[in-house]
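In case you want the letters, here they are:
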Amino acid sequence: AFGPKNPQAREILNPIRLIIGQGIVGSVAASGLVEMIADTRKDSRYVCDDQPRLSELAVPIFVNKKVVGVIDSEHTQLNFFTPWHRDLFVALASMAGSRIAAAQFEQERYRLATQDPLTGLANRGELMRDLQERLDATTSTVAVIFIDLDYFRVINDSMGDYAGDELLRAISERIRMHACPGSLSSRFGGDKFVVVFDGDFVQAKAQAE
């Protein structure tokens, strides 16, 4: 927000929440169409925020053909917004959508590079990076817990790979839930898992138990 509701940089005073379809902004979010209102008093959808304004322009932001946000502007004058304003806001929305898409792509690229796709835990590469970082930075000891499942192949052979994958996911979630704060839980490969954290042998033994 920019204006009276945002006098201190990022702080929004008395924010309101609109659901999809509510108000002019919510309608744009639902339809994906630009709305340019010449007189808000004649539009029953208009929702007054901090003070009433007479004209409004709302433009959707698209990412991968889906609306992810709306750029909205209001003005105290009747019929203030023109096709020039509309085109400018459409261009800004397109730029914003491109930036958001690029950020999402970068996040996904990082996730694929660092996470095991089956369990969501860190992969071996991320484990080795984290371990090396801890060894380089810490002045204390680093604890490593190595977990190897017994008879996992029996599950795959008797019940199929799907059952084996479900078991790995369940075990991964249990490891994640019980890992101590600041630790890194990873799938080393196959049915092997590794948990790394800053600690000594006593702490590692207690955590493993």
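Everything numeric here is computed off the predicted structure, so don't read it as measured data. (Residues numbered from 1 in each chain as written. Predicted model: local features only at pLDDT ≥ 70, side-chain atom pairs only at ≥ 80, totals over all residues. Heavy atoms only, no water.)

Draft legend 1. The arrangement of the overall build of the protein chain in detail. Looking only at helices and strands, one finds 6 helices and 6 strands in the protein chain. Along the protein chain, helices (α) and strands (β) appear in the sequence α-β-β-β-α-α-β-α-α-β-β-α when read from the amino end. Relative to the compact-globule value of 17 Å for 209 residues, the protein chain shows a C-alpha radius of gyration of 26 Å, a clear excess of over 25%. Viewed in the frame of its principal axes, the protein chain has a C-alpha envelope of about 75 × 45 × 25 Å. In the protein chain, which comprises 209 residues, the share counted as buried stands at 30%. (Helix = DSSP H or I, 4+ residues; strand = E, 2+ residues; numbered from the N terminus. Rg over C-alpha atoms; globule rule 2.2 N^0.38 Å. Buried < 20%, exposed > 50% of the residue type's maximum accessible area, 1.4 Å probe, protein only.)

Draft legend 2. Looking closely at the sheet that holds strand E6 (residues 192-198). Spatially, E4-E6-E5 is the arrangement adopted by the 3 strands of the open sheet, whose pairing is antiparallel. Of all strands in the sheet, those bounded by a partner on one side alone are strand E4 (142-148) and strand E5 (184-189). With direction set aside, neighbouring strand axes in the sheet form an average angle of 25°. Where E4 and E6 come together, 7 bridges link them in antiparallel fashion. Its bridge partner being in E6, aspartate 148 is matched across the sheet by lysine 192. Most of the contacts of helix H5 (residues 161-178) go to E6, to which it runs at about 10°, and overall it touches E4, E5 and E6. (Pairing = 2+ DSSP bridges. Axes fitted to C-alpha atoms, helices over the stretch in contact; angles between N-to-C directions. Contact = heavy atoms within 4.5 Å.)

Draft legend 3. Focus on helix H1 (residues 23-31). Three or more residues of H1 are buried, namely Gly23, Ile24, Gly26, Ser27, Val28 and Ala29. Along its buried surface, H1 packs onto strand E1 (35-37), strand E2 (55-63) and strand E3 (66-75). Once H1 finishes, glycine 32 follows within two positions and takes phi at roughly 75°, a positive value.

Draft legend 4. Geometry of the packing of helix H4 (residues 152-159) against H5. Where H4 meets H5, the closest approach of the two axes is 6 Å, and the angle between their N-to-C directions is 140°. Judged by the inter-axis angle, H4 sits oblique to H5. Contact residues: H4 offers Phe152, Ile155, Asn156 and Met159, while H5 offers Asp161, Ala163, Gly164, Leu167 and Leu168. Here the residues of the contact of H4 with H5 are counted per class, giving 6 nonpolar, 2 polar and 1 charged. (Parallel < 35°, antiparallel > 145°, perpendicular 65-115°, else oblique. Nonpolar A, V, L, I, M, F, W, Y, C, P; charged D, E, K, R; others polar.)

Draft legend 5. The arrangement of the pattern of salt bridges in detail. Throughout the structure, instances matching the rule amount to 18 salt bridges. For arginine 41, the salt bridge goes to aspartate 39, with nearest N and O atoms at 3.0 Å. For arginine 41, a relative accessible area of 59% corresponds to the exposed category. Among the residues examined, aspartate 39 registers a relative accessible area of 13% and is labelled buried. (Salt bridge = Lys/Arg side-chain N within 4 Å of Asp/Glu carboxyl O.)

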